[in-house]
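Given next are the chains, with one letter for each unit.
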Amino acid sequence: MAEQTLAPGASVEESQPAAVVEVKLTRRSRIEKWAFLIPALLFQLSWGWYPLIVAFLLSMTDARPRGPISWTGFQSYTRVWADPLVGSAFRVTLIYAALSIVLTFLIPIIVAILLMEMKPRVMRWMMVLWFLPLSGVASTIMWRYVYNTDFGFFQWIAMDVLGLPRQGFLTSADQVLFWLIFPGILMFGPGLIYMAGLQSIPQSYYEAAEIEGAGLWRKIWTISLPRLRPIIVMMLTFAIIGSLQVFDWPKLMTEGGPGGASRTVVMYMFDLLNSLRYSDATALAIFLFILIMAITITYRILFKEDPDA
Amino acid sequence: MSSNHAGMSRRDFLKTLGISGAGAAMFAAGLPAFASKESAASFTPRAQNANVTLQLANYPYTVPPAQAPEGGYTAQQQAFLAWMEQNPNVRIEAVEAPIWGTGELRTLITGGTAPSFFHPGVLALWTIEGKHVVFNQGLLADLSAQFEEFGLEAQFSDAVRAAAVEWEVGGARFGLPEGVTPGNGIFFRRDIFEEAGIEPLTVDSTWDEIAEKALALTNEGRLGMGTQWWGVEWMLASEGFGKAGLFNYLPTPENGWNWRFDYTSNPEMIAATERYRRMIHQDRSLGSNYGDWDLLGQFFNGTMAIVTVPLQYFTQTDDIGPGALAAQLGRPLDEVVGAIPHPRGSNGHFSPEGRPGVSVFSVNPDYDEATKSAAVSLYQYMALGEGFVTQRQIAYEQTGNLQRVFSPYPFVGTAQSIEGVDGTPVDAWGQQYIDLVNYATTTAEGYPMRGLFFPPELDLGPTESAWGDATSLFRDESGDLDVLATYQTAQDIRNTQAEAFSSVIPDDQFIAAAQAYYQANAEYWQANFPDFYENTYRPWFEQVITPRLGM
């Protein structure tokens, strides 16, 4: 294949397919390219790969804050693998992730599409209500009161309005995961990003579809969802990783209770760290890393083909 | 623990950076480090010839600013200034350091940038075993030589000496007692009892009696009783059970980890748990989701008639303390607030929660002997010596209020009166409280604390998560719950976890320590609670412990 040097200001002939053109960069361009790349590479190496490698090495030692460290091989992995609470933490995490994705990832897609069908004025009001800025800690305090089993708002609704028996909410092992995720539905999750994506779809697509007699469902299925596909694929990756690493919300709301029913893997990792078991905590982190990697790779393979491409 | 590196190690480099940063922060904040002044004042013992620097992160004492603030220095700052004058070669620096976060404090210590003083509980899950482990891991300075140098133990009150496990392990000293509580106990509103026509609680009250009275005192606007979110521990501890219960730990020297857990062999443990659940979920007379201060607040407001709190809160002088409550109601303290220790168990067992507890602070483990001596000198002066007396005298001069002088009480040191102060702790708090202090101190004397007999491990072993899971279910799950099955699950999990650990204590050493520990138990229970010894402890020891130790 012939190489073509592209001098500054020169252009590639239009007749030549872009795929077969190999552009030879000038020395200056190469320096510029690396100048842009190096900070990002250094950042990734320092804060991504270096901690990962150190964590892996630490997990094979009896690491302690001070004093000599000795090599223990896979002892921490064996200990963590045999720990019954690790299995239950993974089970809780997977259920939490599945519920979280269904409730706070899929619902906002539907809501965003329906919002776009509303009149602009109504839509703006709905968005104001939905995107009320609340700090995380303030939300936690508010929700703890809402869920209080003695004088909470939801208990009032359950008992006085709906006539139901006393509910456990966060104090019930059967209900706790749902009620932990529930505020995420109201906070609309990634809905704003979907709405931005939907607004970028040319109105002419919908008008053409309407001329052809397409109804709401048809428009959603053939226009909105395919156009949102790249955003959904990206957001779902983040949602999977984020939900499998969940820590702060259950930590603040339930401390993992009752009976460990809301203790996630990262929360148990935190318990191990607090118990000065650094190598066990890092071994658990490696297990979680493997799980997330496996799920993410599987998901990426499944969604590799873009029918619109 | 001295640092004798010839060059600058990574740790020293980090330390230098930390000190520079702290210095810059102080400069920026207009809080220059105190340059020491020459003084001929005599004070013995002290860190006389040591050119050392102490760095305080606002704990346990506030470094006095260079210029007297508006309104003058506080009593503590005046005492601190007097110590500085007497110790001209010790440089004091105020630093900013996040010493109340576990991860942050561990990072400060391992990075070599920790301040002089910090609370060891922050590093160690606030447990005694945890403190012993972090000491063994080198995160706390060994202060044994300084204890000798300053003759500290002779200056401690009986209550502090009764809680030696909080600052001593394997013969080494790692903590400086800063506060003492005469055990955990129970406050009750005498005025509310009186209104309801209910007999007040006494030292001989049982948990069943308390449960009954809590139910009788419960109405729409008031819970009969309130306790912490770990409140079940109090009822279990009375019977000898719980997170650190005598009967729940079984020595197993033949295994890698030397302890096994038994949560299912004792019907009293199930009965105590079921009573706790009945009070919460059936009687609705017990709230068990509170912190110490929440409970004190509810007690002050009258929305709880009985609360479990550290007994030292009796001498709190803030807005919601018992003294403030009595003042608000315009009645003598003894007529408004009653206080008792935790009840003894149905088997006659004395709750270890009723023994005195001591809060300690520890010293930077990187310090050389001279710097440690300076740190302990400051502590000795402020908590036990002249500085302590000065602070109390100033408080009395400023307020004329005896409760301000004797708060918190009991004192860490032996002195129970203050020169120049016209009054005693009895005058300040009443005979009831002083009797409680004496009861806790004398009853706990010789109480065999496990941590004093066994050498410290390098690891904490299984986490307490499984135990916490069980107790959170007891507290939260309002439906049918099989208590025994829940305990069985926790026991199985902890024992499975324990199998994966190895102890650093040789078997023969562990067995010798265990024999000494159980012998001390036998002596203590026989001397103080003979019924419990004969009916419960001795049979259990012979049937369960003797075969395990090959005795």
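(A) Representation of the overall build of chain A within the structure. In terms of regular secondary structure, chain A is built from 13 helices and two strands. Partitioning the contacts of chain A with sequence separation of at least 6, the portion at a separation of at least 24 is 62%.

(B) Broad picture of the overall build of chain B. Along the backbone of chain B there are 25 helices and 14 strands. For chain B, whose C-alpha radius of gyration is 25 Å, the value lies close to the compact-globule estimate of 24 Å for 551 residues. Viewed in the frame of its principal axes, chain B has a C-alpha envelope of about 70 × 60 × 40 Å.

(C) Looking closely at the sheet that holds strand β14 (residues 357-363) of chain B. All names here are of chain B. Taken in spatial order, the three strands of this open sheet run β3-β14-β6, and their pairing is antiparallel. Whereas interior strands pair on both sides, the edge strands pair on one side only; in this sheet they are β3 (117-118) and β6 (176-181). Here β6 runs beside β14; their pairing, made up of five bridges, is antiparallel. When the sheet's bridge partners are listed, V180 is paired in β14 with V358. Sheet strands touched by helix α16 (residues 369-384): β3, β6 and β14. Its angle to β6, the strand with the most contacts, is close to 30 degrees.

(D) The confidence of the model for chain B, seen in detail. Residue and element names in this part refer to chain B. Overall, the prediction assigns chain B a mean pLDDT of 88, with 91% of residues at 70 or greater. When pLDDT is averaged over each element of chain B, helix α10 (residues 207-217) comes out on top at 98 and helix α1 (residues 10-28) at the bottom at 37. Contacts from residues 1-48, a stretch scored under 50 in pLDDT, to residues over four places away or in other chains number 72 contacts. Here the predicted complex scores 0.82 on pTM and 0.79 on ipTM.

(E) Examining the interface of chain B and chain A more closely. With 24 residues of chain B at the interface, the matching set in chain A holds 23 residues. Those elements that place two or more of their residues in the side of chain B that touches chain A are α3 (102-110), α22 (465-476) and α23 (483-498) of chain B.

(F) Structural view of the confidence of the model for chain A. Taken as a whole, chain A shows an average pLDDT of 85; of its residues, 88% reach a score of 70 or greater. Under a pLDDT of 50 for its full length, residues 1-15 of chain A has, in the predicted model, 13 contacts with residues more than four places off or in other chains.

(G) Examining the sheet that holds strand β8 (residues 223-228) of chain B more closely. All names here are of chain B. Here we have five strands laid out as an open sheet, ordered β11-β8-β12-β7-β13, and mixed in their pairing. With one partner strand each, in any of the chains shown, β11 (286-290) and β13 (337-341) form the two edges of the open sheet. Taken over all neighbouring pairs, the strand axes of this sheet differ in orientation by 25 degrees on average, direction set aside. Relative to β13, strand β7 (residues 184-189) runs antiparallel, the two being bridged by five bridges. Residue pairing in the sheet places G185 in a bridge with P341 of β13. On the sheet, α10 packs against β8, β11 and β12 (304-310) and is oriented at approximately 125 degrees with respect to β8.

(H) Examining the domain arrangement of chain B more closely. Residues and elements named next belong to chain B. Along its sequence, chain B is carved into domain 1 (10-181 + 363-428), domain 2 (184-355) and domain 3 (506-551). The gap between the C-alpha centroids of domain 2 and domain 3 is 28 Å. Listed per partner, the contact involves 10 residues of domain 2 and 15 residues of domain 3. When grouped by side-chain class, the residues that make up the side of domain 2 that touches domain 3 number five nonpolar, five polar and no charged.

(I) Layout of the packing of helix α3 (residues 84-116) of chain A against helix α10 (residues 216-244) of chain A. Residues and elements named next belong to chain A. It is the contact of α3 with α10, at a shortest axis distance of 10 Å, that shows an interaxial angle of 150 degrees. When the axis of α3 is compared with that of α10, the two are roughly antiparallel. Between α3 and α10 lies a crossing whose hand is right-handed. The residues of α10 that touch α3, namely those facing T93, Y96, A97, S100, I101, F105, I109 and I113, are I220, S224, I232, L236, A239, I240, S243 and L244. When the residues that make up the contact of α3 with α10 are grouped by side-chain class, the tally is 12 nonpolar, four polar and no charged.

(J) Region of the structure containing helix α12 (residues 265-274) of chain A. Most of α12(A) is tucked away: seven of the 10 residues are buried. Listed in full, the buried residues belonging to α12(A) are V265(A), V266(A), M267(A), Y268(A), M269(A), D271(A) and L272(A). Considering only its buried residues, α12(A) is in contact with α3, α11 (248-253) and α13 (278-302) of chain A together with α22 of chain B. Backbone geometry just after α12(A) places L276(A) at a positive phi near 65 degrees.

(K) Seen up close, the environment of G191(A). Residue and element names in this part refer to chain A. Its location among the elements puts G191 in helix α8 (residues 191-199). Its 21 C-beta neighbours within 10 Å are what place G191 among the buried residues. Taking C-alpha positions, G191 is 9.1 Å from T104, a pair spaced 87 residues apart along the chain. When near neighbours in sequence (up to four residues on either side) are disregarded, G191 contacts P108, V111, A112 and W130.

(L) Broad picture of the pairing of strand β1 (residues 52-56) of chain B. All names here are of chain B. Sheet topology places β1 next to strand β2 (residues 90-94); five bridges connect them, and they run parallel. Paired with L56 across the strands is A94, a residue of β2. Handedness of the β-α-β unit built from β1, helix α2 (residues 75-86) and β2 comes out right-handed.

(M) Region of interest: the nonpolar core. Counting 168 residues, the largest nonpolar core has Y268(A), L284(A), L56(B), I306(B), A339(B), A375(B) and M382(B) as its most contacted members. Formed jointly, this core draws a minimum of three residues from each of two domains, domain 1 (10-181 + 363-428) and domain 2 (184-355) of chain B. Excluding residues within four positions of it along the chain, A339(B) makes contact with G185(B), I186(B), F187(B), L311(B), F314(B), Q432(B), Y433(B) and L436(B). Counting residues in hydrophobic clusters, the runner-up holds eight residues, among them A112(A), Y194(A), L228(A) and I232(A).

Here is what the cut-offs are and how they apply
Residues numbered from 1 in each chain as written. Chains lettered and ligands numbered in written order. Predicted model: local features only at pLDDT ≥ 70, side-chain atom pairs only at ≥ 80, totals over all residues. Helix = DSSP H or I, 4+ residues; strand = E, 2+ residues; numbered from the N terminus. Contact = placed C-beta atoms within 7 Å. Rg over C-alpha atoms; globule rule 2.2 N^0.38 Å. Pairing = 2+ DSSP bridges. Axes fitted to C-alpha atoms, helices over the stretch in contact; angles between N-to-C directions. pLDDT = per-residue confidence, 0-100. Domains from an automatic or database assignment. Nonpolar A, V, L, I, M, F, W, Y, C, P; charged D, E, K, R; others polar. Parallel < 35°, antiparallel > 145°, perpendicular 65-115°, else oblique. Left-handed = near helix turned anticlockwise from the far one by under 90°. Buried ≥ 20, exposed ≤ 12 C-beta atoms within 10 Å, placed from the backbone. Right-handed = clockwise from strand over helix to strand, strands pointing away. Core = buried A, V, L, I, M, F, W, Y, C linked by C-beta atoms within 7 Å.

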